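Spelled out, the chains give:
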Amino acid sequence: MNKQATHVTHKEPLFRITKRDGIAFWKAWAIRVGAILLSLVACALVIYLLTDLNPIQVYEAIVKGAVGTKKRTWVTLRDALTLLCISVAITPAFKMKFWNVGAEGQVLMGGLVTAAVMIYAGDRLSPAVLFLVMLVASILAGMVWGLIPAIFKAKWNTNETLFTLMLNYVATQLVTFCIVFWENPAGSNAVGIINPLTEGGWLPPLFGLTYGWNLVIVLGITLVMYIYLKYSKQGYEIAVVGESENTARYAGINVKKVILRTMSISGALCGIAGFLLVSGASHTISTSTAGGRGFTAIIVAWLSKFNAFVMMLVSFLLVFMEKGAIQIASQFNLNESASDVLTGIILFFVLGCEFFINYRLNRNHNKKEEAAK
Amino acid sequence: MNAIIIFIQKAIAQGIVILFGATGEILTEKSGNLNLGVPGMMYMGGIGGLVSAFLYENHAANPNGLIAVLLSFVCAFLCAALGGLIYSVLTISLRANQNVTGLALTTFGVGLGNFFGGSLSQLAGGVGQIALPVTSAAYTAKIPVLSNLGVVGEIFFSYGFLTYLSIALALFVTWFLQKSRSGLNLRAVGESPATADAAGIAVTKYKYLATCLGGGICGLGGLYFVMEYAGGTWTNNGFGDRGWLAIALVIFALWKPKNAIWGSILFGGLYILYLYIPGLQRSTQEIFKMLPYLVTILVLILTSLRKKKENQPPASLGLPYFREDR
């Protein structure tokens, strides 16, 4: 990587960079797999240098921690599904080149209203009505949180990256605001498990699977989004606006309308992810309910090139690392943050390898020829 | 009166961390790179300074304050600049997406900081919280005579040297961007790299230097937090959302470091205002904590509404530049 950096500044570069017209499918994947393998070697080196541990043993512990028992496998799967849901949610916005860095806040808002419904109506409504209310409320909350920056972007071209980023923290503060009223037991500054006895508003098991609903809802959303983006007229409009707003305008597409519509969808789906996190997983709400997933999802969506099936793979891989790290932490008496370091290194390699997929390096022969003369 | 003095002192103490971050990020953004890795680089800077000072204090027979300060300062700067270098290699040379790379850098840097920070006490033999008496004493040393000048002394001269450095640095970067030739070149790169390239400016070199130096400056914010604000101790995730606040301050300051100086103190004040307003409920305190973000959003909207040319972000901010893509 560093080689490249120094060569650019040379007067007579050793390599010429040309853009590839296209690359064979297997070749692109060979490069990606190669990058991941290289990153694992780099991680092994880092592990060895920092901790003196045998990297192979550490990797074994990661696998054990992530999928070692049936329960662990399910938790890993559940979290991977949530991450997938958020990644799918931000995909239409990103395809439109609308940098929605606010998924974190949109998810939190969805989770917040879900928790509110559970607390105030969890034991009063019949389950069918209750879940409908929770779902609709979370969708609306996420939608509103996504629409606010979209309106300003559409009307005045306000920078959406920074706007959505700021809204995350407003959402976080709203959650702490509500926690003051909902805390249980009093003075703990935490909401605790909501409706622990009646399990009101907890997503029930489906087909005997604890996280059956999560599976069905997320896979359903993923499939519908795939079809929406690939085959619908609206999906095509999103792609055109993303490529070039001027072209879109010329073709008679109402750009403002597309921005607003797409961000409503994106926010709404983030809201559903919040619903799944609260009702389908943690049964509580805190500022860390979204837990950085809104940011990780951006990386997932980008690395997958917005391909729904690759997204499944990438989100599983990232959650796998995260869960594995908890095991390393307890087994080797290390710090859980080790996983962030390793994940970061893997991401750097994967991000960097895209260059070799899009561009070709050609050796410059000029120097040798001149020397021969 | 006393409460007001303490409020101002605390507001400044809160502000300096984000002032360093904002100054560094402005330098970076002026080259057209939107580096969302500021939180990560702050952690890298903080931990770099902490670890080096820790090793020095534990291995030197008679630790000297000046050497400890120099060592930790250089290490903090280099560590954070390394974060900027990773970002530069990926986005400038390897042409990866800026936002995604920045977020990955944040994951990496925060993880690195917490990993070493959390492991330090283990290194120390499990004594619990580490302490750096010599280094933190040197960092928090006040100006000898001036700090005794009553109210004036307490408001203006009761801080460690990093506080004054941060303000001097912000002023220097302002001068650099507006008056020096390299600064003008840098701005040209950020506004329109293709034009700058045609004019013979080494675009890649400017982008690399601005991003790495900017990263290093962000790291000094981390150093300040660890050494002066926290007194040479480490708490995992202790920086909170200060890294993002620094990015918010860049917008608030309209990409001008000298605005960031008073902006940072204002942000610091807003950040802790809830502690000083009497009669607030716990819940309303939380609403007050939103203020810095709401103010930033407001500024963001207003600048986009007024469309004043000199208040806009660098035109090529966030966009990659490849000569052959034209």
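None of the values given here were measured: they were computed from a predicted structure.

Asks: Can you walk me through the overall build of chain A in this structure?
Replies: Looking only at helices and strands, chain A features 15 helices and 2 strands. When its C-alpha atoms are laid out on the principal axes, chain A stretches across 90 × 60 × 40 Å. Looking at chain A as a whole, 45% of its 373 residues qualify as buried. Sequence-distant contacts, at least 24 apart, represent 77% of the contacts inside chain A between residues at least 6 apart.

Asks: Help me understand the overall build of chain B, please; the structure alone is not making it clear to me.
Replies: What chain B contains, in helices and strands, is 14 helices and 0 strands. Shown N-terminal to C-terminal, the secondary structure of chain B runs as helices and strands in the order α-α-α-α-α-α-α-α-α-α-α-α-α-α. Over its C-alpha trace chain B gives a radius of gyration of 20 Å, about what one expects of a compact globule, namely 20 Å for 326 residues. Principal-axis analysis of the C-alpha atoms places the extent of chain B at approximately 60 × 50 × 40 Å. Considering chain B as a whole, with its 326 residues, one finds that 53% of them fall into the buried category. Considering only residue pairs separated by 6 or more positions, chain B has 80% of its internal contacts joining residues 24 or more positions apart.

Asks: Help me out: how do you make sense of the packing of helix 4 (residues 70–95) of chain A against helix 8 (residues 212–231) of chain A in this one?
Replies: In helix packing, the relevant descriptors are the interaxial angle and the interaxial distance, both defined with respect to the helix axes. Residue and element names in this part refer to chain A. Put simply, helix 4 and helix 8 touch, their axes get as near as 9 Å, and they point 20 degrees apart. Taken together, the axes of helix 4 and helix 8 are roughly parallel relative to one another. Read as a crossing pair, helix 4 and helix 8 show a hand that is left-handed. In this structure, helix 4 contributes R78, L81, L84, C85, V88, T91, P92 and K95 to the contact, and helix 8 contributes N214, L215, V218, I221, T222, M225 and L229. Its residues assigned to classes, the contact of helix 4 with helix 8 comprises 10 nonpolar, 3 polar and 2 charged.

Asks: For this particular structure, what's the right way to read unusual backbone geometry?
Replies: Note on backbone geometry: most residues besides glycine have negative phi, and most peptide bonds are trans. Residues other than glycine seldom take positive phi values, yet A:F306 does so here, at roughly 65 degrees. Position of A:F306 among the secondary structure elements: in the loop between helix 12 (293–303) and helix 13 (308–332). Positive phi, close to 60 degrees, is recorded for B:W255, a residue that is not glycine. Mapped onto the secondary structure, B:W255 falls in the loop between helix 11 (242–252) and helix 12 (257–272).

Asks: It is not clear to me how the interface of chain A and chain B should be interpreted in this structure. Could you clarify?
Replies: How large an interface is tends to be reported as the accessible area lost when its parts come together. On the chain B side, the residues contacting the 43 residues of chain A number 45 residues. Of all the secondary-structure elements, those providing two or more residues to the side of chain A that touches chain B are helix 1 (2–9), helix 6 (127–156), helix 7 (160–182), helix 12 and helix 14 (338–358) of chain A. Here the side of chain A that touches chain B is built from residues that sort into 26 nonpolar, 14 polar and 3 charged.

Asks: Teacher, can you tell me more about the pairing of strand 1 (residues 15–19) of chain A here?
Replies: The side chains of a regular strand alternate between both faces of the sheet. All names here are of chain A. Counting buried residues along strand 1, only 0 of its 5 residues qualify, which leaves the element largely exposed. Judged from the 5 bridges that link them, strand 1 and strand 2 (residues 359–363) form a sheet pairing that is antiparallel. By the bridge assignment, T18 is partnered in strand 2 with R360.

Asks: I would appreciate a short explanation of the environment of B:I251 in the present structure.
Replies: Mapped onto the elements, B:I251 comes out in helix 11. In this structure B:I251 touches A:L162, B:T296, B:V299 and B:L300, once residues within four positions along its chain are discounted.

Asks: Sorry if this is basic, but what is going on with helix 12 of chain B here?
Replies: Along an α-helix, residues three or four positions apart point the same way, because every turn accommodates 3.6 residues. Residues and elements named next belong to chain B. The first and last C-alpha atoms of helix 12 sit 22 Å apart over 16 residues, in line with the 22 Å expected at 1.5 Å per residue. If you look at helix 12, its biggest bend is around 30 degrees, right at G263. All of the buried residues in helix 12 are P257, A260, I261, G263, S264, I265, F267, G268, L270 and Y271. Looking at the buried residues of helix 12, the elements they touch are helix 1 (2–30), helix 7 (161–179), helix 11 and helix 14 (291–306).

Asks: Where do I start with the packing of helix 12 of chain B against helix 14 of chain B in this structure?
Replies: All names here are of chain B. Between helix 12 and helix 14, the shortest axis-to-axis distance is 8 Å and the interhelical angle comes to 135 degrees. Taken together, the axes of helix 12 and helix 14 are oblique relative to one another. Between helix 12 and helix 14, the contacting residues are F267, L270 and Y271 on the first element and L291, P292 and V295 on the second. Of the residues that constitute the contact of helix 12 with helix 14, the class distribution is 6 nonpolar, no polar and no charged.

The rules behind the values
Residues numbered from 1 in each chain as written. Chains lettered and ligands numbered in written order. Predicted model: local features only at pLDDT ≥ 70, side-chain atom pairs only at ≥ 80, totals over all residues. Helix = DSSP H or I, 4+ residues; strand = E, 2+ residues; numbered from the N terminus. Buried ≥ 20, exposed ≤ 12 C-beta atoms within 10 Å, placed from the backbone. Contact = placed C-beta atoms within 7 Å. Rg over C-alpha atoms; globule rule 2.2 N^0.38 Å. Axes fitted to C-alpha atoms, helices over the stretch in contact; angles between N-to-C directions. Parallel < 35°, antiparallel > 145°, perpendicular 65-115°, else oblique. Left-handed = near helix turned anticlockwise from the far one by under 90°. Nonpolar A, V, L, I, M, F, W, Y, C, P; charged D, E, K, R; others polar. Pairing = 2+ DSSP bridges. Expected span 1.5 Å × (residues − 1). Bend = angle between axes of the 7 residues up to and from the residue.

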